[in-house]
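# Working through the structure, step by step
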Amino acid sequence: FGVPLAQWLRTDLADVMRDSLLSERAAARRHFNAGDLKRMVDDTLAGKETFKYLVWDLITLELWQRTYIDAVPVHHA
């Protein structure tokens, strides 16, 4: 079943999208061109659906990176 992804990215997930993809943390990774990411986010917020799946994938990647790569390792004694 489909979900209203474009609508969610413009409303409920707008802050998550901006805070993850346009953050200094994400920019420091230098995986993607910051200007291109900003354009995709701006287009998505403007209601264009061109990049909705790519933006969702990039949000997921960034949150995964923060959880599993950036996380401080736990040392067990």
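Heads up: these notes are all about the structure in this document.

Attention now moves to the nonpolar core. In this structure, Leu 5, Leu 9, Met 17, Leu 21, Leu 37, Met 40, Val 41, Phe 51, Val 55, Leu 58 and Ile 59 together form the largest nonpolar core, which totals eleven residues. In contact with Met 17, not counting residues within four places along its chain, are Leu 9, Leu 22, Val 41, Thr 44, Leu 45, Val 55 and Ile 59.

Once the charged atoms of two side chains with opposite charge are near each other, the side chains can pair. Under the counting rule described, the total for this entry stands at eight salt bridges. With a shortest N-O distance of 2.6 Å, Arg 18 and Asp 15 are connected by a salt bridge. Here the residue Arg 18 and the residue Asp 15 both occupy positions in helix H2 (residues 14-21), the gap between them amounting to three residues, near one helical turn. Under the relative-accessibility criterion, Arg 18 is labelled partly exposed at 32%.

The relative placement of two aromatic rings is captured by the distance of their centres and the angle of their planes. Under the criterion given, the structure shown has one aromatic pair. Here the aromatic rings of Trp 64 and Tyr 68 are separated by 6.0 Å at their centres, their planes lie at 40°, and the arrangement is tilted. Residue Trp 64 and its partner Tyr 68 are located together in helix H5 (residues 52-69), separated by four residues, close to a single helical turn. Note on Trp 64: relative accessible area 42%, which makes it partly exposed. For Tyr 68, a relative accessible area of 59% corresponds to the exposed category.

Parameters and conventions
- Residues numbered from 1 in each chain as written.
- Predicted model: local features only at pLDDT ≥ 70, side-chain atom pairs only at ≥ 80, totals over all residues.
- Heavy atoms only, no water.
- Core = buried A, V, L, I, M, F, W, Y, C linked by side-chain atoms within 4.5 Å.
- Buried < 20%, exposed > 50% of the residue type's maximum accessible area, 1.4 Å probe, protein only.
- Contact = heavy atoms within 4.5 Å.
- Salt bridge = Lys/Arg side-chain N within 4 Å of Asp/Glu carboxyl O.
- Helix = DSSP H or I, 4+ residues; strand = E, 2+ residues; numbered from the N terminus.
- Phe/Tyr/Trp six-rings, centres within 6.5 Å; stacked < 30°, edge-to-face > 60°.

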